[in-house]
Amino acid sequence: MCKAKYNKEKSNAKWGKKLHKVTETEFDSSSEEELSCVGLYATDEDDSDVIWVTPKVNRVPLKMELDTGSALSLISNKDYMKNFPDMKLSRTSVKLKTYTGQRVAPLGKLKVKVKYKNQTCNLELFVLKEGGAPLFGRQWLRQIKLNWQQIKTMNIASKQLTGQRLSEIIEKHAAVFSEGIGTMKNIKACLELQNDAKPKFHKARPVPYALRPKVEAELQQLMDQGILSKVDWSEWATPIVPVAKKSSERVRICGDFKGTVNPVLHAVQYPLPRIDDIFASLANGEHFTKIDLAQAYLQMEMDENSRKYLTINTHKGLYQYNRLVFGITSAPAIWQRAMDQVLQGIPSTQCYLDDIIVTGSDKDSHLANLDAVLTKLEDYGLKANKKKCEFFKECIEYCGHKIDKNGLHKTQDKIEAIVNSPQPENSTERCSSDGSSSSTTLGSVPGSTHVHH
């Protein structure tokens, strides 16, 4: 009889509605009636110290997460069908509880022969309808003795080796993380206007005197980077809107193209990836890397004939953009199409506009994919903002969602935005509320559109 209680907590969103931790409450491993009192609890502990063991279960090597907080050894139905499709499940009266008290019944149990090192035991493996990685629980640990010191040493050595290899890859591609603006090679942006399009010239809007020094400094910096060029004359001219940046004293110069080029533009039709498609391509990932492309669109040059459409009118005169710029209707589609071309063929990799996410089924494949991505970025002359990049994380935020090895989860701020939104009082507010809710529920793509145009 075991009366041990464990309060260690650990997150695992897919073990049956956050079922991960199995805690026994006075059970004997030989008693079905006592086992039915077993409870499962969800936890929030970081998975950075996960220890993996790979015993042979019925001669099949099975990578399992070692979890002393789990009374039983568990496997998902998916892994059961993959590894033991010919074995029949035995009935069990075991009932599991979530931390909210919800009962979950296993689909059944398997009687398996487990071999680890020089030890062999006949043990029980419980199968759940949903689940993440297989769990090596205390029931097995009572029969199979592990060398804890060796496991700890190997775990530390593995982490150090991974960190060293990661550092070598980043250093190898130092050019990608260097200062300055990148310039995409071999691909340029082109704007096509409707046949009956007529040039539109708007005069400069007045800029508050307090903002003028900042606007002038930003114009000069954009010229120094080759993003803008001064011109004396143009048939096209778009007024600017200076926007203060939260993170610095600088301003962002935005062209108000909705009154000039956008209405007469042949919008490029190219689909942006949906969050479901993104996650499908990242399935089976253990860790995740997110690469932030510095100033995204501005790394892509415009072809010579399209630059005249991107002329802006300021209190300092006319300037012409040499790079793809925010505010142009086709910019997201043009950029996404180019990035899909750059990263084509690299497995377990997805790009959504200025963010690239990389993973792999194990550490080696993750590192190989990351090296391939950085090689492509370097070959195409693109640069990333290292300060905003995240490497080998258990969980990352991407397109308004949290992604980890167990699945896809809404971020708390998105949930709170809906929960705390004010009650709509008229039809206009109701439409706005419905749009906000559907965007948060469905999605990853701004405006919940499949094709950005």
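Read on for an overview of the structure. (Residues numbered from 1 in each chain as written. Predicted model: local features only at pLDDT ≥ 70, side-chain atom pairs only at ≥ 80, totals over all residues. Heavy atoms only, no water.)

Let us now look at the sheet that holds strand β20 (residues 349–352). What the four strands build is an open sheet, ordered β20-β21-β17-β22; its pairing is antiparallel. Of all the strands in the sheet, just β20 and β22 (390–393) have a single pairing partner and so form its edges. On average, adjacent strands in this sheet sit at an angle of 15° to one another, irrespective of strand direction. Sheet contacts for helix α8 (residues 363–379): β17 (288–292), β20, β21 (355–358) and β22; angle to β17, the most-contacted strand, approximately 15°. (Pairing = 2+ DSSP bridges. Helix = DSSP H or I, 4+ residues; strand = E, 2+ residues; numbered from the N terminus. Axes fitted to C-alpha atoms, helices over the stretch in contact; angles between N-to-C directions. Contact = heavy atoms within 4.5 Å.)

Moving on, we get to the side chain of Gln 299. Mapped onto the elements, Gln 299 comes out in the loop between β17 and β18 (311–314). Classification of Gln 299 by relative accessible area gives buried; the value is 0%. From its side chain, Gln 299 meets the backbone oxygen of Ala 294 in a polar contact 2.6 Å long. (Buried < 20%, exposed > 50% of the residue type's maximum accessible area, 1.4 Å probe, protein only. Polar contact = N/O pair within 3.5 Å; in protein donor to acceptor, adjacent residues only side chain to side chain.)

Okay, unusual backbone geometry next. Although it is not a glycine, Asn 58 sits at a positive phi angle of roughly 50°. Relative to the elements of secondary structure, Asn 58 occurs in the loop between β4 (56–57) and β5 (60–61). Judged by relative accessible area, which is 27%, Asn 58 ranks as partly exposed. The backbone phi angle of Ser 348 is positive, close to 50°, even though this residue is not glycine.

This brings us to the side chain of Gln 119. Summarising the element assignment, Gln 119 is placed in strand β11 (residues 119–128). At 2.7 Å, the side chain of Gln 119 forms a polar contact with the backbone oxygen of Lys 145. Those residues in contact with Gln 119, other than ones at most four positions away along the chain, are Val 114, Gln 143, Ile 144 and Lys 145.

Let us now look at the layout of surface pockets. Taken as a whole, the largest pocket holds about 1100 Å³ of empty space. Lys 245, Arg 250, Ala 294, Gln 295 and Asn 385 are, among the 33 residues lining the largest pocket, the residues nearest its centre. Taken together, the elements giving at least two residues each to the lining of the largest pocket come down to α5 (212–224) and β15 (251–255). If one sorts the elements of the lining of the largest pocket by residue count, β15 sits on top with four residues. In terms of residue class, the lining of the largest pocket is built from 13 nonpolar, nine polar and 11 charged. (1 Å grid on protein atoms, 1.4 Å probe; cavity = no way out; pocket = protein on both sides within 12 Å on 5 of 7 lines; lining within 4 Å. Points joined across faces, edges and corners; volume = space filled by probe spheres on them. Nonpolar A, V, L, I, M, F, W, Y, C, P; charged D, E, K, R; others polar.)

Turning our eyes to something else, we now look at the pattern of salt bridges. Evaluated as defined, the whole model comprises nine salt bridges. Across the salt bridge formed by Lys 290 and Glu 390, the nearest N and O atoms sit 3.5 Å from each other. Note that Lys 290 is positioned in strand β17 and Glu 390 in strand β22, a separation of 100 residues in sequence. Among the ionic contacts, a cluster of salt bridges with common partners joins Arg 205, Asp 256 and Lys 258. (Salt bridge = Lys/Arg side-chain N within 4 Å of Asp/Glu carboxyl O.)

With that out of the way, let us pick up the nonpolar core. If you look at the biggest cluster of nonpolar residues, it comprises 77 residues, and the most contacted ones within it are Ile 291, Met 300, Leu 324, Trp 335, Met 339, Ile 356 and Leu 377. Residue contributions to this core peak at seven residues, all from helix α7 (residues 331–342). Counting residues in hydrophobic clusters, the runner-up holds 22 residues, among them Leu 110, Tyr 116, Leu 125 and Leu 141. (Core = buried A, V, L, I, M, F, W, Y, C linked by side-chain atoms within 4.5 Å.)

Moving on, we come to the environment of Gln 344. Within the element layout of this structure, Gln 344 appears in the loop between α7 and β20. Linking Gln 344 and Val 373, residues 29 residues apart in sequence, is a C-alpha distance of 9.7 Å.

Bringing the pairing of β18 into the picture now. Within a regular strand, side chains alternate between the sheet's two faces. Side chains of β18 alternate between two faces, with Thr 311 and Asn 313 and Ile 312 and Thr 314 buried alike. Pairing between β18 and strand β19 (residues 317–321): four bridges, direction antiparallel. Bridge pairing in β19 links Asn 313 to Leu 318. Count of turn residues in the β18/β19 antiparallel hairpin: two residues.

A few words on α8. Here α8 is 17 residues long and its end C-alpha atoms lie 24 Å apart, about the 24 Å a rise of 1.5 Å per residue gives. Inspection of α8 places His 366, Leu 367, Asn 369, Leu 370, Val 373, Leu 374 and Leu 377 among the buried residues, and these make up the whole buried set. Within α8, the buried residues cover an arc of 165° as seen down the axis, which keeps them to one side. Backbone nitrogen of Asp 364 and a side-chain oxygen of the N-cap are separated by 3.3 Å at the start of α8; the cap is Asp 362. (Expected span 1.5 Å × (residues − 1). Arc of directions from axis to C-beta.)

So, to be careful, I would describe these as geometric facts and stop short of saying anything about function.
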